[in-house]
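Reading the structure
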Amino acid sequence: MPLWGRRLLVVLAIWAAALAFEHWSPADDLGDFVLIFMAPLTLGLVLGWLARLPWWLPTGLLAFPGAYFVLVTASAWHDLLEARTPPTPVGLAFPALGYLLVSWLFSPGFRRPKIGLSALLVALFAVTGPLEELRSDTEFQEMITAAGVPLVVPVIPGHTLVSSSSLPLNGEIELTYASPDGETEIEVYLHHETSDPREMCLDPVPRYPIDARADCRQAAPGVWVRTAGGFTRAVGRAGGVTIQMTARDVPEDVLVGGFAQTRPVTAEELGELRDV
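Rules behind the numbers
Numbers given to residues run from 1 along each chain, matching the order in which its sequence is written. Given that the model is predicted, a residue must reach a pLDDT of at least 70 before its local features are reported, and side-chain atom pairs must reach 80 or more before they are shown or counted; all residues, however, enter totals for whole chains, interfaces and linings. Processing note: side-chain calculations cover all non-hydrogen atoms of the structure and skip hydrogens and water entirely. The working definition used for a salt bridge is a side-chain nitrogen of Lys or Arg within 4 Å of a carboxyl oxygen of Asp or Glu. What counts as a helix is a DSSP run of H or I of at least four residues, what counts as a strand is a run of E of at least two, and both are numbered from the N terminus. The aromatic pairing rule takes the rings of Phe, Tyr and Trp, using the six-membered ring of Trp, and pairs them if the centres are within 6.5 Å, calling planes under 30 degrees apart stacked, those over 60 edge-to-face and the rest tilted. Note on geometry: a ring has a charge over it if NZ (lysine) or CZ (arginine) is within 6 Å of the ring centre and within 35 degrees of the ring normal. Multiplying 1.5 Å by the residue count of a helix minus one yields the expected span of that helix. The quantity called bend is, for any residue, the angle between two axes fitted respectively to the seven residues ending at it and the seven beginning at it. Classification of residues uses two cut-offs on accessible area relative to the type maximum, computed with a 1.4 Å probe and protein chains only: under 20% is buried, over 50% is exposed, and between them is partly exposed. Disulfide: a pair of cysteine sulfur atoms within 2.5 Å of each other. Patch members must show over 30% relative accessible area and no salt bridge, and they are joined within 9 Å when carrying like charges or within 5 Å when they are nonpolar side chains of Val, Leu, Ile, Met, Phe, Trp or Tyr. Note on areas: Shrake-Rupley with a 1.4 Å probe; residue coverage comes only from the protein chains shown. Here an angle of 0 to 180 degrees is reported between the N-to-C directions of two axes, which are lines fitted to C-alpha atoms, with helices fitted over the stretch in contact. For a crossing to be left-handed, the near helix must be turned anticlockwise from the far one by less than a right angle; the clockwise case is right-handed. For this analysis, residues touch if any pair of their heavy atoms sits within 4.5 Å. The set of buried Ala, Val, Leu, Ile, Met, Phe, Trp, Tyr and Cys residues whose side-chain atoms join them within 4.5 Å is what this entry labels a nonpolar core. Think of a 1 Å grid over the protein atoms and nothing else: a 1.4 Å probe that fits but is trapped marks a cavity, an open set flanked by protein within 12 Å on at least five of seven lines marks a pocket, and residues with an atom within 4 Å of a point count as lining. Grid points are joined across faces, edges and corners, and a volume is the space filled by probe spheres set on the points. Note that Gly is not counted as nonpolar here; it falls among the polar residues with everything else outside the nonpolar set of Ala, Val, Leu, Ile, Met, Phe, Trp, Tyr, Cys and Pro and the charged set of Asp, Glu, Lys and Arg.

Some details on the pattern of salt bridges
A full pass over the atoms with the stated rule returns three salt bridges. Glu 252 is the salt-bridge partner of Arg 217, the closest N and O atoms lying 2.4 Å from each other. Of this pair, Arg 217 sits in strand 5 (residues 217-220) while Glu 252 is found in helix 8 (residues 252-257), placing the two residues 35 residues apart along the sequence.

A short note on the packing of aromatic side chains
Applying the stated criterion to the full structure yields five aromatic pairs. An angle of 45° between the planes, with centres 5.3 Å apart, marks the rings of Phe 69 and Phe 125 as tilted. Here Phe 125 lies in helix 6 (residues 111-146) and Phe 69 lies in helix 3 (residues 56-80), a separation of 56 residues in the sequence. Measuring from centroid to centroid gives 6.3 Å for Trp 104 and Phe 110, while their planes differ by 45°, and the two rings are tilted. In this arrangement the basic side chain of Arg 198 is found over the ring face of Trp 224, its NZ or CZ atom lying 5.2 Å from the centre.

Let's talk about helix 3
An α-helical turn contains 3.6 residues, so any two residues separated by three or four positions project in the same direction. With 25 residues, helix 3 ought to run about 36 Å at 1.5 Å a step, and its terminal C-alpha atoms sit 35 Å apart, in line with that. The sharpest bend along helix 3 reaches about 40° and sits at Ala 63, with the proline Pro 65 one to four residues further on. Every buried residue of helix 3 is listed here: Thr 59, Gly 60, Ala 63, Phe 64, Gly 66, Ala 67, Val 70, Thr 73, Ala 76 and Leu 80.

Thoughts on the state of the cysteines
Tallying each qualifying case throughout the model produces one disulfide. Across a sulfur-sulfur distance of 2.1 Å, Cys 201 and Cys 216 are joined as a disulfide pair. Measuring handedness by torsion sign, the sulfur bridge of Cys 201 and Cys 216 sits at about -110° and is left-handed. Of this pair, Cys 201 sits in helix 7 (residues 197-202) while Cys 216 sits in the loop between helix 7 and strand 5, and the two are 15 residues apart along the sequence. For Cys 201, a relative accessible area of 0% translates into the label buried.

What about helix 5 (residues 94-106)?
Between the first and last C-alpha of helix 5 there are 18 Å, a value that for 13 residues agrees with the 18 Å anticipated at 1.5 Å per step. Along helix 5, the positions that sit buried rather than exposed are Phe 94, Pro 95, Ala 96, Gly 98, Tyr 99, Leu 101, Val 102, Ser 103 and Trp 104.

A look at unusual backbone geometry
Here Trp 55, not a glycine, exhibits a phi torsion of approximately 55°, which is positive. Along the chain, Trp 55 falls in the loop between helix 2 (29-50) and helix 3. Classification of Trp 55 as exposed rests on a relative accessible area of 56%. At Asp 249, a residue that is not glycine, the phi angle is positive and equals roughly 60°.

Some thoughts on a nonpolar patch on the surface
A cluster of nonpolar side chains, namely Val 46, Trp 49, Leu 50, Trp 56, Leu 57 and Leu 61, defines an oily patch on the protein surface of about 570 Å² accessible area. Breaking the nonpolar patch down by element, the ones donating at least two residues are helix 2 and helix 3. With respect to the helices, strands and loops of the structure, Val 46 is situated in helix 2. Classification of Val 46 as partly exposed rests on a relative accessible area of 40%.

Details of the packing of helix 5 against helix 6
At their nearest, the axes of helix 5 and helix 6 sit 10 Å apart, and the two run at 140° to each other. Every pair of crossing elements has a handedness; the one defined by helix 5 and helix 6 is left-handed. Where helix 5 abuts helix 6, its residues Leu 101, Trp 104, Leu 105 and Phe 106 lie against Pro 113, Lys 114, Leu 117, Ser 118 and Leu 121.

Side note on the nonpolar core
By size, the foremost hydrophobic cluster in this structure holds 31 residues, and its most contacted members are Leu 175, Ile 186, Val 188 and Leu 190. Here the element with the most residues in this core is strand 8 (residues 241-248); it accounts for four residues. Once you skip the residues sitting within four places of it in the chain, Val 188 turns out to touch Pro 154, Ile 156, Ile 173, Glu 174, Leu 175, Tyr 177, Ile 243, Gln 244 and Met 245. Counting residues in each nonpolar core, the second largest holds 12 residues, with Val 10, Ala 51, Ala 67 and Ala 96 among its members.

As for the layout of surface pockets
For the largest pocket, the calculated volume is near 180 Å³. Contributing to the lining of the largest pocket are Ala 74, Ser 75, His 78, Asp 79, Pro 86, Val 90, Gly 91, Ala 93, Phe 94 and Leu 97. Listing elements by their share of the lining of the largest pocket, those giving two or more residues are helix 3, helix 4 (88-91) and helix 5. Taken together, the residues of the lining of the largest pocket break down into six nonpolar, three polar and one charged. Of the voids in this model, the second largest pocket is the one considered here, and its volume is about 160 Å³. Every residue along the wall of the second largest pocket is listed here: Leu 62, Pro 65, Gly 66, Phe 69, Leu 101, Val 102, Leu 105, Phe 106, Ser 118, Leu 121 and Val 122. Elements supplying a minimum of two residues to the lining of the second largest pocket: helix 3, helix 5 and helix 6. Looking at the lining of the second largest pocket residue by residue, the class counts come to nine nonpolar, two polar and no charged.

Structure follows, in structure tokens:
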């Protein structure tokens, strides 16, 4: 049988083994990966020796990282293009494709196509990181905008805005402020301006167990506070947005002072501070 015929038989055997292991695998997720990915390639290593393929040992060994490289690159582009989930036989072809690719690279001739394909695969892998980061930034900014909350943040004495997240399902934007020494943190929630501060103080979200022992009182015009056990929650309006601040072991006047001044922000600025 011609050399390439024997190579293709080995590749088909690897593919068939992956399909068989996927169908009958009794293992957990890690075990599935071993059976569906590692075991077929191990079989390919043995079959390459039995088929007397040239360079069977380096081909069989390099097929492991080669197949993984193809899998990671294809998965990243699948997510970037938001493509449909491929049929099971296609999704399980990566061990066989990796072995086929390495086998072809070790075959004689085709020098320029090999260089071109290798460069293309490396380029496709290299750009996935920046593209995924760009898409993530765009999606986060869209989440911030979708929250429908005016983009202003409080200026809290002695604390700096260090991170942000958007929870559009709850219609709020969450921020985290920290002191320069990192000793204290303040969680800030921006709500739509139609949210009533007093009602939010009486029925806070998120609610902590300590809230059951705390009563609401007006600490400043339009600012409602509840404190217990070193925990303070302050709710009020400022800059056209309803703001809720929660902190532990932070003086009440610091939180109340945060309603005195606000500054506008952009979705891009909050995106640079995202923690989700």
